[in-house]
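A structural walkthrough
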Amino acid sequence: MSVFALCFQFIETMTSSLQQIMASTGNGLDYDKEPELKTFDDTKAGVKGLVDSGIQSVPKFFVASSEETCNEKSDLRHTHFNVPIIDLRDIDKVGARCEIVKEIGIASSTWGFFQVVNHDIPQDIADEVIESIQRFNEQPNHVKEKIYSRDKMKKVRFNSNFDLYKARFANWRDTLSCLMAPNPPPPEEYPEACREILLKFSKYVTKLGQDLFKLLSEALGLNSNHLTNMGCADGHVFYCHYYPACPEPNLTLGHTKHRDPDFLTILLQNQIGGLQVLHDNHWVNIPPVEGALVVNVGELLQVISNDKFKAAEHRVLANCAGPRLSVACFFTTHFEPSEKLFSPIEELLSDDSPPLYRGTTVKAYIDFFASAGLPAYSSLTRLRL
């Protein structure tokens, strides 16, 4: 038997009595999981490796508390919420642009999330991106393990759960991370399976990001170039997520609830759902819409807007169908050694609206987020004045 098979046999042996352990330890989280985490991590195969091994139950270190996986919050009356969908078709027409700015402003201040259609990214490009991420993840493991790393400063890396050793429980997800701008790595460092299309997609997303930051600036009552002049659009990273089908989706999550530690996120997803946003104390599904991209406010944009825009908690459910595939474009510059401080924009401050946050560098903010893992509280808390 191969070392790879022995590793997963060990994991299955450790989890064969999962239900009995759950009954005796409450939510199943109160135990020394370090040996199992190390065994899993050393395979460099991720969650897909577990699935490929034929595992029939969720390993114990993936098991979340019932509170984490609960699909409903305290208020069950609001079951018909829909995340706003905003049409960008007439963005360059003055009258229509004013309405688009208004819609984006409302969505960013109330939801922190919206979807955009007619965004000028061709559907065939979006489809090819998704196909390439599936192609990368479904290669033999000896190909992927060459870039498997937990070094958060590596510009291209593959791993499962960036916070594996810090998180309360592991998520049912593998991730390929690719820095696209500024100062990207040489093209040959990107995986061959998705290299060309990610480089092409990056150009489209850069343009869309710049357009969105202009609209967001106008929604704040600022000059349209204000946020881009601050550097909000100077860099972006692709986080390409692969969520395999899960044998027991009620026991874990694809992605723990969190807020994004960036300025803005643009998300491309395939047609398998699971993404939810917390709105008015209720988890609301964001179903895939053909041709749409999901956009959400990051915590750093909440800081500089002085809470005019809100970064909302969101999560991804595990699913018995799969794989779910998504590419999250984070507008951030945390790879750059800049000492530039980001704090509430002066033009948004007054006696009635004093600053709510102290300044932070992007790198310091990301370092804190990474050191804490996906926390139960917002990283914004430590910046509150």
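What you are looking at is a predicted structure, and each value in this text was computed from that prediction instead of being measured. (Residues numbered from 1 in each chain as written. Predicted model: local features only at pLDDT ≥ 70, side-chain atom pairs only at ≥ 80, totals over all residues. Heavy atoms only, no water.)

**Brief notes about the overall build of the protein chain**
Helix and strand counts for the protein chain come out as 12 helices and 12 strands. Evaluated residue by residue, the protein chain yields a buried proportion of 55% over its 385 residues. Looking at the protein chain alone, contacts between residues at least 24 apart form 79% of all its contacts between residues at least 6 apart. Here the protein chain displays about 16600 Å² of accessible surface, and carbon together with sulfur accounts for 51% of that area. (Helix = DSSP H or I, 4+ residues; strand = E, 2+ residues; numbered from the N terminus. Buried < 20%, exposed > 50% of the residue type's maximum accessible area, 1.4 Å probe, protein only. Contact = heavy atoms within 4.5 Å. Areas by Shrake-Rupley, 256 points an atom, 1.4 Å probe, with all protein chains shown as cover.)

**A closer look at the nonpolar core**
Ranked by size, the top nonpolar core spans 69 residues in total, and within it F201, L212, F213, L227, F238, I266 and I304 carry the most contacts. With 9 residues, the single largest contributor to this core is helix α9 (residues 195–219). Those residues in contact with I266 that lie beyond four places of it in its chain are V205, L208, G209, L212, L293, V294, V295, V327, A328, C329 and F331. Core analysis: the next-biggest nonpolar cluster, separate from the first, contains 18 residues, L179, Y239, Y243 and A328 among them. (Core = buried A, V, L, I, M, F, W, Y, C linked by side-chain atoms within 4.5 Å.)

**Considering unusual backbone geometry**
Of note, the bond from A181 into P182 is cis; its omega dihedral lies within 30 degrees of zero at -10°. Structurally, P182 can be placed in the loop between β4 (174–181) and α9. The phi torsion at N306 lies on the positive side, around 55°, for a residue other than glycine. Along the chain, N306 turns up in the loop between α11 (299–304) and β11 (314–317). For N306, a relative accessible area of 4% corresponds to the buried category.

**Re the confidence of the model for the protein chain**
For the protein chain, per-residue confidence averages 90 on the pLDDT scale, and 88% of positions sit at 70 or higher. Scored below 50 in pLDDT, residues 1–28 shows 44 contacts in the model against residues more than four places distant or in partner chains. The low-confidence segment residues 74–78 (pLDDT under 50) makes 4 contacts with residues lying over four places distant or belonging to another chain. (pLDDT = per-residue confidence, 0-100.)

**Here we look at the sheet that holds strand β3 (residues 156–159)**
Strand order across the open sheet formed by 8 strands is β1-β2-β10-β7-β12-β5-β4-β3, with mixed pairing between neighbours. Each end of this open sheet is capped by a strand with a single partner; those strands are β1 (85–87) and β3. Mean inter-strand twist for the sheet, computed between neighbouring axes without regard to direction, equals 25°. As paired elements, strand β7 (residues 264–269) and strand β12 (residues 324–331) share 6 bridges and run antiparallel to each other. Paired with L267 across the bridge in β12 is A328. (Pairing = 2+ DSSP bridges. Axes fitted to C-alpha atoms, helices over the stretch in contact; angles between N-to-C directions.)

**So, the environment of N229**
By secondary structure assignment, the location of N229 is in helix α10 (residues 226–230). Separated by 16 residues in sequence, N229 and F213 place their C-alpha atoms 10.0 Å apart.

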